[in-house]
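Residues per chain are reported as follows:
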Amino acid sequence: MRWPGGERPELGRGLVVASAYVALGVLGVSLPAIGDFVALLWLPSGIALAALRRWGRQYWPFVWLGSFAVNSWIGGDLLAGAWIASGGTAAAWVGALLLRGVRFDTDAVSARSLWWLALPVALGCSALAAINGSLALWVLGFLPASDLALGMLGWCLGDAAGVLLGGLPLLAVNREVLGRPRAWSRRFELALGFVLAIAMALSHDALAFAGVDLGVLPAALVVWMGLRFGLFHSATLATTLAATAALDLLYHQQGEAVRDFEQLFGQWIGGVSNAAVAMVIAALTATREQTLQALRLSERRYRDQIELATEAIVVFDVGAGHFVEANKPALELFGMSRAQLLSSSPATVSPPLQPDGRESEAAAAAYLEEAIAGRPVSFGWEHRRADGRPVPCEVWLSRLPDPERVLIRALLTDVTARREAERIERENEQRWALALEASGDGVWDWHIADGMEFLTPRLKAMYGYAEDELANTPHALDSRTHPDDLEEMQRAREAHFSGASPSYVNEHRIRCKDGSWKWVLSRGAVVSRDAQGRPLRMVGTHTDISERKQTEELIWRQANFDPLTGLPNRRLFRERLQAEVERCDREGGALAVMFVDLDGFKEINDTLGHEKGDQLLVEAARRIRDELRLIDVAGRLGGDEFTVLMVDRPEREEVEDLSRRLLDAVNQPFLIDQQRCFVSASIGISLYPDDARSVGELFKHADQALYAAKDRGRNRTSYFSRDLEAATEQRVRIARELRSALADSQFSLHYQPIIDLRSGVLRKVEALIRWQHPTLGQVSPAEFIPVAEQAGLINEIGDWVFETALTQAAQWRRSLHPEFQITLNVSPAQFRAEDAYLARWLQRLRAEPLPGRALVLEITEGLLLDASASPEQRLELLREAGLQVSIDDFGTGYSSLSYLHRYAIDYVKIDQSFVSGLERDPRALALCKAIIAMSHALGFQVVAEGVETGGQLALLESSGCDFAQGYYFGRPVPAADLPDSLGRIEQRLWSHSAAGAP
């Protein structure tokens, strides 16, 4: 159940309220009534009001229950009881709300509270209850229409009397403000007053004397009781007298109903007047005594404040012409005893003239007139001590409230120490300003409260202004501060003003007179504050830091931009990419990352030199940048690797269109020092969020896609896919497994025969490495050799191949033929290694001992164009050791026969792509014949690889080719199987010769 007051009431208290209502209601019914139903004194109304006001509206159900019980019992009708109970308790509820709204204090009832209780509550709410109850009785036939007006009046007066006589004592029963302790200590006097008042009320006929009605004597006792003992006891006595009068009236009326209005009003006035008079007088008395007590307490507090104050305080009586109060600090200030100071006046404690030349007496009189008029006055004043020494003070005058005298309180503060500190501060500021001016800094002095800022000539000259060209206001510099720097400058000021930072430090730009911007370091500090801590004055300097800022800008650019192309470097590009990724995370966007690598740049760089290569990179960067949107970002990771960031949710079509335009732009000829150069581009693309959601993954996936583009032939675009990721993981695994392959003896060499076409004998083989992994199985060299080169393992593997082939060559030279020769493939990474690498091979060759002709080193023609590999020098070194050199896959690279004559070359190997087309393509045959003829002219022997048919072999023989190898003769075999395969090869050659192949 939800109760009206919001809280569940105490059941015991509620039942007591209901029971008291019923009991007093039965008593009220026993008194004279109007029409047998309207009681002249209805004390339950006071019970209802007091209960709802003191304990809350949640007790309303109990009040209603008591009212319903009494009224149903009186009229013998439940409907009438419910109707009257609802109206009466509702009126009590309204009365309680009114008392709560005016803050009726149940602990200290005042005259104001009594007024609200008597008129708006007692009479107003009683009128509501009377109207409701009388109408209920009339409608239900209990009250004739002729008695309706009289019934309403009687009901209203009876309820009002009940509120005053029954409600007030209950409302004030907690504690009396005055009189209660005094009353209980005088029990005999209190009891005697009650007995006399009751006796007088019962003997009203004997109180007439000499024709004068002395029936007011009981009321006089009520007033005396209020003055003597307080409101609670006077109200209790008034209630007692009213009850006595009611019982006496009952006795004389013998239960007859009241029919006469004058009789009704007289009886009600007689019953209520005693209580009303007593209440008013007691409340006024209480109010007066409260005021006197508050005044005495205020005087005590005021005296305590004066004595405990740390500032000097004196009180001057204008009428008496001397001081009447002085605390201890005031006696110390003037150096006088209390008696001396209290006999003095403002004139006697002041010199004749003030430091500004004013007469002290006249100036003091003017200040006193202002204070007498009620206006607070503060001013500086110089007093004189008893020993004649002057004392500068700050003085605050105010008038004290006193009905009899004109008293002026003066609060005096000795400012001697402050004046001395200000003097020292001024001297220090002057020295400081001179020192700062000497250091070259400009000085500013901001008087914040006055809105003035003084700028030294040096500061104005920093910005090109004459001394009279800038106003002495903060706006003069603030209005010339760069707009981008204003917010941060203001934050720094506020932080110092509020005490969050010990000093003000800020770097910003200020526009000079010539329109240029100058970077300055502004430093300062608040040197004075008011009593509330607000800044009053701030002093600081401006230091020209333009040169330092230029240096910082240069350092920043060097740290974030590629010095050659001016593009963002790897660091800045990653930062911008990270920022875009975070923005896309927040807003749900998308972006694309491209890795752009220049194909063939290394050859250009090696042949033309690094200076020309740098020019090509600059031009390539310009072309890439020109193809981008304004919102996109290009960067250079290093070497010939560029990056592109497409932002703002690029569509797949936009990405593809940009990649095509980038390929076209790079494919255009580069004119470097009047020389046309050609390169292409390979592009790898990763997308956010489809491919990755972090910067690291976007870079990794774009790099994987770039690797795929180069692997597929270059000059193309490749998008990242999960298949590429799997291939990358495979390469990573291969790189990891390669590190243990040598130690675990997983490598082996297979040998493919090379046939001397002139003699038809087998005196040469090519050593081909094979890797048999325990779990991966047979791993192709095309798969693991590039990984070994990238992982830096190729030199170690190459050493093993060299050692194995060298040992095998020595064995076969002993067992097969003294001139047996093994060809080894040498990786470009091995050939570019330091000189000590090849030197170790040559040393090992000499230690075997074995002639150099036992081995042929096979290199790619691209190495001949690699200036970093020093090919000419190293090939000459190999020739001196007797080693022969073969150019592998001739015709697929960038060299030419005319270029080869510069180097120590022994063999040229025709690539199998040309050999495979000999039988069906006359141009392939013509090309092979041309290579053979020109090689012979230059002194080279020719080896054709990839021979798979007898027809190919016959054409090569007819073209004069020197050697051939391929599956036609046999697949590569382990060293142990080679001697057994010699017979099969010779049989194949005999059959070929016998067939007379052309």
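Scope of this entry: the structure provided in the associated data block. This structure is a prediction, so every number in the text was calculated from the model and none was measured.

### With respect to the overall build of the protein chain
Part 1 of the argument: Along its length, the protein chain carries 35 helices and 31 strands.
Part 2 of the argument: Expressed as a percentage of its 998 residues, the buried residues of the protein chain come to 46%.
Part 3 of the argument: Taking all contacts inside the protein chain whose residues are at least 6 apart in sequence as the whole, residues at least 24 apart take part in 62%.

### A short note on the nonpolar core
Part 1 of the argument: By size, the foremost hydrophobic cluster in this structure holds 81 residues, and its most contacted members are L738, I822, L824, L855, I859 and L875.
Part 2 of the argument: Among the elements that make up this core, the one with the highest residue count is helix α27 (residues 794-815) (nine residues).
Part 3 of the argument: One finds A592, L617, V655 and V679 within the second-largest nonpolar core, a separate group that totals 31 residues.

### Some words on the packing of helix α25 (residues 722-741) against helix α26 (residues 781-791)
Part 1 of the argument: In contact at an axis separation of 9 Å, α25 and α26 are set at 75° when each is read in the N-to-C sense. By the angle between their axes, α25 is roughly perpendicular relative to α26. On α26, the residues that touch Q730, R731, I734, A735, L738 and R739 of α25 are E783, F784, V787, A788 and A791.
Part 2 of the argument: Of the residues assigned to the contact of α25 with α26, the class counts are seven nonpolar, one polar and three charged.

### Points about the packing of aromatic side chains
Part 1 of the argument: Within this structure, the stated rule accounts for 22 aromatic pairs.
Part 2 of the argument: An angle of 45° between the planes, with centres 5.7 Å apart, marks the rings of W60 and W93 as tilted. Of the two residues, W60 is situated in helix α3 (residues 60-75) and W93 in helix α4 (residues 78-101); the sequence distance between them amounts to 33 residues.
Part 3 of the argument: Given the relative accessible area of 22%, W60 is considered partly exposed.
Part 4 of the argument: Ring geometry for W446 against F497: centres 5.9 Å apart, planes inclined by 55°, an arrangement best described as tilted. Residue W446 is found in strand β10 (residues 442-447), and its partner F497 is found in helix α18 (residues 483-497); the two are separated by 51 residues along the sequence.

### Side note on the sheet that holds strand β12 (residues 504-511)
Note: strands within a sheet are paired through backbone hydrogen bonds, in either parallel or antiparallel orientation.
Part 1 of the argument: Strand order in the open sheet made by the five strands is β11-β10-β14-β13-β12, with antiparallel pairing throughout. At either margin of the open sheet sits one strand with a lone partner, and together these are β11 (452-455) and β12. Here the average twist between neighbouring strands, direction ignored, is 25°.
Part 2 of the argument: Where strand β13 (residues 517-529) and strand β14 (residues 535-544) come together, nine bridges link them in antiparallel fashion. From the neighbouring strand, S528 faces β14, where its bridge partner is R537.

### Regarding α18
Part 1 of the argument: With 15 residues, α18 extends 22 Å from end C-alpha to end C-alpha; this agrees with the ideal 21 Å at 1.5 Å per step.
Part 2 of the argument: Every buried residue of α18 is accounted for by D485, M489, A492, R493, H496 and F497. Summarising the axial view, the buried residues of α18 lie within an arc of 130°, below the 170-degree limit, and thus occupy one face. In α18, the exposed positions angled more than 90 degrees off the buried face are occupied by D484 and E487.
Part 3 of the argument: Tucked inside the fold, the buried residues of α18 contact β10, α17 (474-478), β12, β13 and β14.
Part 4 of the argument: After α18 finishes, the residue G499 shows a positive phi value of roughly 90°.

### So, the side chain of Q884
Part 1 of the argument: With respect to the element layout, Q884 can be found in strand β27 (residues 884-890).
Part 2 of the argument: Given the relative accessible area of 8%, Q884 is considered buried.
Part 3 of the argument: Once residues within four sequence positions are removed from consideration, Q884 is found in contact with Q821, G852, R853, L855, V856, L857, D906 and Y907.

### Comments concerning the environment of D544
Part 1 of the argument: One can find D544 in strand β14.
Part 2 of the argument: The exposure class assigned to D544 is partly exposed, which follows from its relative accessible area of 43%.
Part 3 of the argument: In the structure, D544 is positioned 25 residues away from W519 in sequence and 6.2 Å away in space, judged by C-alpha atoms.
Part 4 of the argument: When near neighbours in sequence (up to four residues on either side) are disregarded, D544 contacts M462, K518 and W519.
Part 5 of the argument: Among the polar contacts listed, one links the side chain of D544 to the side chain of K518, at a separation of 3.3 Å.

### Here's the deal with a negative patch on the surface
Part 1 of the argument: On the surface, a cluster of negative charge is made up of D648, E651, E653 and E654.
Part 2 of the argument: By secondary structure assignment, the location of D648 is in the loop between β17 (641-646) and α23 (652-667).
Part 3 of the argument: When its relative accessible area of 48% is taken as the criterion, D648 is described as partly exposed.

### Quick look at the pattern of salt bridges
Two side chains bearing opposite charge may form a pair once their charged atoms approach each other closely.
Part 1 of the argument: On inspection of all chains with the given rule, the structure shows 42 salt bridges.
Part 2 of the argument: Among the ionic pairs, K549 bridges to E507, the shortest N-O distance being 2.9 Å. Taken together, the residues span a long stretch of sequence, with K549 in helix α19 (residues 546-560) and E507 in strand β12 at a distance of 42 residues.
Part 3 of the argument: On the accessibility criterion, K549 (17% relative accessible area) is buried.
Part 4 of the argument: Residue E507 is classed as partly exposed on the basis of its relative accessible area, which comes to 30%.
Part 5 of the argument: Where E858 meets K909, a salt bridge forms, and the shortest distance between an N and an O atom there is 2.6 Å. Taken as a pair, E858 in strand β26 (residues 855-860) and K909 in strand β28 (residues 907-910) lie far apart in primary sequence, 51 residues in all. Take E858 and K909: they sit in the same class, and that class is buried.

### Considerations on the environment of V406
Part 1 of the argument: By the element assignment, V406 lies in the loop between β8 (390-400) and β9 (407-414).
Part 2 of the argument: Considered as a pair, V406 and I372 are 34 residues apart in the sequence and their alpha carbons are 7.4 Å apart.
Part 3 of the argument: Setting aside anything within four residues of it in sequence, one finds V406 in contact with F316, D317, V318, I372 and R399.

### Quick notes on the packing of helix α21 (residues 601-608) against helix α22 (residues 610-626)
Any two packed helices are characterised by the angle at which their axes cross and by the distance between the axes.
Part 1 of the argument: Contact geometry of α21 with α22 gives a least axis separation of 6 Å together with a crossing angle of 140°. With respect to each other, α21 and α22 are oriented oblique. Together, F601, I604, N605 and L608 of α21 and H610, K612, G613, L616 and L617 of α22 make up the contact between the two elements.
Part 2 of the argument: Of the residues in the contact of α21 with α22, the class split is five nonpolar, three polar and one charged.

### Some remarks on empty space enclosed by the protein
Part 1 of the argument: A complete count under the given rule lists five cavities of 30 Å³ or more for this structure.
Part 2 of the argument: Size it by volume and the second largest cavity reaches roughly 230 Å³.
Part 3 of the argument: What lines the second largest cavity is a set of 18 residues, and nearest its centre among them are P346, H383, V395, L397 and A410.
Part 4 of the argument: Counting only elements with at least two residues in the lining of the second largest cavity, the list comes to β5 (312-317), α14 (360-372), β7 (377-384), β8 and β9.
Part 5 of the argument: Of the residues that constitute the lining of the second largest cavity, the class distribution is 16 nonpolar, two polar and no charged.

### What to know about the pairing of strand β22 (residues 747-756)
Part 1 of the argument: The element β22 is extensively covered by neighbouring structure, given that nine of its 10 residues are classed as buried.
Part 2 of the argument: Following β22, the chain reverses through four residues before pairing antiparallel with strand β23 (residues 761-773); G760 in that reversal takes a positive phi of roughly 70°.
Part 3 of the argument: Here β22 runs beside strand β31 (residues 973-974); their pairing, made up of two bridges, is antiparallel. Looking at the pairing, Y751 lines up with V973 of β31.

### Comments concerning helix α24 (residues 695-711)
Part 1 of the argument: For α24, built from 17 residues, the straight-helix expectation of 24 Å at 1.5 Å per residue is met to within 8% by its first-to-last C-alpha distance of 24 Å.
Part 2 of the argument: Listed in full, the buried residues belonging to α24 are V695, L698, F699, H701, A702, Q704, A705, L706, A708 and A709.
Part 3 of the argument: Of the surrounding secondary structure, the elements contacted by the buried residues of α24 are α20 (570-587), β15 (591-599), β16 (633-638), β20 (680-688), β21 (717-719) and α25.

### As for the sheet that holds β7
Part 1 of the argument: The antiparallel open sheet is built from five strands, whose spatial order is β6-β5-β9-β8-β7. The open sheet has two edge strands with one neighbour each: β6 (322-326) and β7. For this sheet, the mean inter-axis angle between neighbouring strands, taken without regard to orientation, is 35°.
Part 2 of the argument: Bridging between β5 and β9 involves six bridges; their strand directions are antiparallel. Following the sheet pairing, V315 is matched in β9 by R409.
Part 3 of the argument: Across the face of the sheet, α14 comes into contact with β5, β7, β8 and β9 while running at roughly 150° to β7.

Cut-off values and rules
Residues numbered from 1 in each chain as written. Predicted model: local features only at pLDDT ≥ 70, side-chain atom pairs only at ≥ 80, totals over all residues. Heavy atoms only, no water. Helix = DSSP H or I, 4+ residues; strand = E, 2+ residues; numbered from the N terminus. Buried < 20%, exposed > 50% of the residue type's maximum accessible area, 1.4 Å probe, protein only. Contact = heavy atoms within 4.5 Å. Core = buried A, V, L, I, M, F, W, Y, C linked by side-chain atoms within 4.5 Å. Axes fitted to C-alpha atoms, helices over the stretch in contact; angles between N-to-C directions. Parallel < 35°, antiparallel > 145°, perpendicular 65-115°, else oblique. Nonpolar A, V, L, I, M, F, W, Y, C, P; charged D, E, K, R; others polar. Phe/Tyr/Trp six-rings, centres within 6.5 Å; stacked < 30°, edge-to-face > 60°. Pairing = 2+ DSSP bridges. Expected span 1.5 Å × (residues − 1). Arc of directions from axis to C-beta. Polar contact = N/O pair within 3.5 Å; in protein donor to acceptor, adjacent residues only side chain to side chain. Patch = residues over 30% accessible without salt bridge, like charges linked within 9 Å, V, L, I, M, F, W, Y side chains within 5 Å. Areas by Shrake-Rupley, 256 points an atom, 1.4 Å probe, with all protein chains shown as cover. Salt bridge = Lys/Arg side-chain N within 4 Å of Asp/Glu carboxyl O. Lys, Arg positive; Asp, Glu negative; His and termini not counted. Charge placed at Lys NZ, Arg CZ, Asp CG, Glu CD. 1 Å grid on protein atoms, 1.4 Å probe; cavity = no way out; pocket = protein on both sides within 12 Å on 5 of 7 lines; lining within 4 Å. Points joined across faces, edges and corners; volume = space filled by probe spheres on them.

That's the geometry; what it means functionally is another story.
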